[in-house]
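Listed here are the chains, written in short residue letters.
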Amino acid sequence: MATKTAIVGGGAAGFFLAVNLKEMVPEMEVTIFERSPRVLAKVEVSGGGRCNCTNSFAGVSDLSQVYPRGHRLMKRLFNVFDHEDAYRWFEQHGVPLVTQDDECVFPQAQDSHAIIDCFLALARRYGIRIRKGVKVQSLSDLRDYDFVAVTTGGSPKGEGLRWLAQLGHETEAPVPSLFSLSTDDTRLHELMGLVVDNAEVHIQGTKLRAEGALLITHWGLSGPVALRLSSYAARHLADAGYQAALSVNWVQQNEAEVQAALQEMAVREPQKQLTTCNPFGVQQRLWAYLSEKALAGRATIRWSELNKKDVNRLVNVLVNDTLQMVGRAPFKDEFVTCGGIALKAVNPATLESRHVPRLYFAGEVLDIDGVTGGFNFQAAWTTAYTVACSICKSLEDNHLLTNNINFITQ
């Protein structure tokens, strides 16, 4: 009788695990259980419908830069399956990829269905069973399976972790990650759609900061820099009720550099109106907003009329502008949570439960999450491949590649 594996969760990690299991152990029976009527729904909307499936990791000197939680485990598991392996895997399975200038990797087709269609075609080819609309709430529901892997993804309300916690698994309370920042400055909101190529945002009173492209929206701040900050600060902001004082460096220069540039402009263009030209190359609408914020009703003065206090006020707004965060806003239809099964609850080499033999975890259900840019999908591929290898190794060690075994339940 063939060995049977149940995969609880029909998302990216679940399908990647199922396909790799069948390629490693063709005789294994693999069944995916998905509680919703659709599989791979999150893959479909990811990357604006294009699926940012991994990243080149160019410029990433330490995984903690892109994995606020779980970077040590990811470093270890990259020895098993990393971003280069993922790139090769998809290309070898008929999905050509392209790397953008920002190092994000997408299907060449620029369509998430390239990934989805690949998984579904391989599932059909390998005879992987897919059961939709089935909610697994206990291991007793899976007593006929020899191995079980949980790949249910994030659990925003924590309900999906309850049955696993009852088995003794330590959990980290899930909270949202990757969201844009709502602010109370309605004048700033009028600049919606404006992009600042390189800004820095940090949370006052903390060491939490991020830099990169910043998008101004009708509710506040979004774009890579805001999403990165929300990831780094996910727990801090949740504890603070999503209320925080933010500081923005709009020009990514220090105070001395900004002061020198302002003084040079005053000498070079003394008769020009302050709001009509600026030395930093920022968009005119943003410059007008910042100069008016710094000088109030005096923003229409000429550069030659700037006094020392005016320069200091401009420097402060450009380098250390204060905005009040008053809530969080979703990142389109995508969502990521930090939290889940605590990493101390699993064997770091195999991702097998320390509490229940032959029970494994992969993907976002673990307390691993990354910043925007393809890093969360890479975590799904890496952890899923690790679990596939671990199950295969268990079979080999016990000489059970063709003999059925009974799953141990509690």
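Look a little higher up for the structure.
This text gives an overview of the structure that appears in the document.

Conventions adopted
- Residues numbered from 1 in each chain as written.
- Predicted model: local features only at pLDDT ≥ 70, side-chain atom pairs only at ≥ 80, totals over all residues.
- Heavy atoms only, no water.
- Pairing = 2+ DSSP bridges.
- Helix = DSSP H or I, 4+ residues; strand = E, 2+ residues; numbered from the N terminus.
- Axes fitted to C-alpha atoms, helices over the stretch in contact; angles between N-to-C directions.
- Contact = heavy atoms within 4.5 Å.
- Phe/Tyr/Trp six-rings, centres within 6.5 Å; stacked < 30°, edge-to-face > 60°.
- Lys NZ or Arg CZ within 6 Å of the ring centre and 35° of its normal.
- Expected span 1.5 Å × (residues − 1).
- Buried < 20%, exposed > 50% of the residue type's maximum accessible area, 1.4 Å probe, protein only.

So, on to the sheet that holds strand β14 (residues 321-329). With antiparallel pairing, six strands are arranged side by side around a closed barrel as β9-β12-β11-β10-β13-β14. Averaged over all adjacent pairs, the angle separating strand axes in this sheet is 50°, with direction ignored. With two bridges joining them, strand β11 (residues 209-216) and strand β12 (residues 220-222) adopt antiparallel strand pairing. Bridge assignment links Ile216 to a residue of β12, and that residue is Leu221. Running at roughly 135° to β11, helix α8 (residues 223-232) makes contact with β9 (180-183), β10 (195-203), β11 and β12 of the sheet. With respect to the sheet, helix α11 (residues 284-295) is in contact with β10, β11 and β14, its orientation differing from that of β14 by roughly 115°.

Per the counting criterion, the structure on display carries 21 aromatic pairs. An aromatic cluster of three or more residues is present, and its members are Phe15, Phe16, Phe81, Trp89, Phe90, Phe119, Phe377, Trp381 and Tyr385. Looking at Arg50, its charged tip hangs above the ring of Phe106, at a distance of 3.9 Å from the centre. A cation sits over an aromatic face here: Arg125 above Tyr126, 5.9 Å from the ring centre.

Relative to the 33 Å expected for 23 residues at 1.5 Å per residue, helix α13 (residues 375-397) spans 33 Å between its end C-alpha atoms, a close match to the ideal helical length. With respect to burial, α13 is a largely interior element, 17 of its 23 residues being buried. Taken from the residues just after α13, His399 is the one with a positive phi, measuring 55°.

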